[in-house]
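# Commentary on secondary and tertiary structure
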Amino acid sequence: MENKKKKRYGIVAALLLLVLAAGVGTWAWLQATDQVTNEFTVGSIGKPEVKPDPDHPDKPGTDPTDPSVDGYLFETKWVKDSKMIPDTDINKNPNVGIGKDSDSSYVFIYVKNAIVKTDATDALAKTPYFELNANWKPVAVDQVTTNADGKYVSGLFMYTAGNTDTPAKLAPTQKTETTEAKAAYTGELFSTVHIPAAMNSTDVVTNPAMTVSCYIFGADQGDAQNAIEQAKAWVNDPSNHLK
């Protein structure tokens, strides 16, 4: 009897070991692993590879830019040291462009007019002014200065593509099977600066200048209103010396 019990116990023990072994194997078979690697890109706003077409300022021309000289701002008709003669127009046509591989962007231009002495009698009436072209509008009434006739003298302006009251996105032409990618231009903020008939040499500062600066805000960073707030902050930042 004892031998039979020993054999029975031995069989039970062997079965238990077999079950345990099977459990260990099942655990290994049910393991699984996974991994995902995501590569990120960095946005860019590149300088145009060609200058704007003088006859169609919102389109790229054929003349290549000079990386050591040209940036995002172009004035194809400006003549250096143009003389101010009362009641005449001077060619000055600021235009902003971005390169063919750039991200779509909101574009702003700030015009600083430092030509007439601020303490001159009727200073605004004697200050050179300009009229906006179709693609541009002032950011807000309190962000620009106008003379008595409502002509713009200085201030912050936004590219609107001519049909909205908010900034429009400027985007390069995308590459297709039949066409190459191309730079994009806003078109001219204005085309001429008018010298008022009332201005005379005694009203002019020692080094008269009209400074045009542009601010380009990548559209992926936020909406149009966010772009406006960032442009205002840029103008008001003392380190930029815009005002």
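If you're wondering where the values come from, they're calculated on a predicted model, not measured in any experiment.

Before going further, it helps to spend a moment on the pairing of strand E5 (residues 95-98). The two faces of E5 match: Asn-95 and Gly-97 on one face and Val-96 and Ile-98 on the other face are all buried. As defined by bridge partners, E5 adjoins strand E10 (residues 184-188) across three bridges and the pair is classed as antiparallel. Each bridged residue has a counterpart across the sheet, and for Gly-97 the counterpart in E10 is Tyr-185.

Bringing helix H3 (residues 224-236) into the picture now. Across its 13 residues, H3 extends 19 Å between first and last C-alpha, which sits within 8% of the 18 Å expected from 1.5 Å per residue. Looking only at H3, the buried set comprises Ala-224, Ala-227, Ile-228, Ala-231, Trp-234 and Val-235. Angularly, the buried residues of H3 cover 120° about the axis, an arc narrow enough to put them on a single face. Looking at the buried residues of H3, the elements they touch are strand E6 (105-116), strand E9 (152-159) and strand E12 (204-218).

In this section: the side chain of Ser-102. You can see Ser-102 is positioned in the loop between E5 and E6. Only 2.7 Å separates the side chain of Ser-102 from the backbone nitrogen of Gly-46, close enough to count as a polar contact. Residues within four places of Ser-102 in sequence aside, it is in contact with Ser-44, Ile-45, Gly-46 and Pro-172.

Time to look at the packing of aromatic side chains. Each aromatic ring pair is described using two quantities: the centre-to-centre distance and the angle formed by the ring planes. Evaluation of the coordinates by the stated rule reveals nine aromatic pairs. Ring plane angle 70° and centroid distance 6.0 Å describe the contact between Phe-74 and Tyr-185, whose orientation is recorded as edge-to-face. In this pair, Phe-74 is assigned in strand E3 (residues 73-74) and Tyr-185 in strand E10, connecting sequence segments 111 residues apart. Judged by relative accessible area, which is 5%, Phe-74 ranks as buried. Considering the side-chain rings of Tyr-215 and Trp-234, the 5.2 Å spacing of their centres and the 25° angle between planes classify their relative orientation as stacked.

Reading guide: rules and limits
Residues numbered from 1 in each chain as written. Predicted model: local features only at pLDDT ≥ 70, side-chain atom pairs only at ≥ 80, totals over all residues. Heavy atoms only, no water. Buried < 20%, exposed > 50% of the residue type's maximum accessible area, 1.4 Å probe, protein only. Helix = DSSP H or I, 4+ residues; strand = E, 2+ residues; numbered from the N terminus. Pairing = 2+ DSSP bridges. Expected span 1.5 Å × (residues − 1). Arc of directions from axis to C-beta. Contact = heavy atoms within 4.5 Å. Polar contact = N/O pair within 3.5 Å; in protein donor to acceptor, adjacent residues only side chain to side chain. Phe/Tyr/Trp six-rings, centres within 6.5 Å; stacked < 30°, edge-to-face > 60°.

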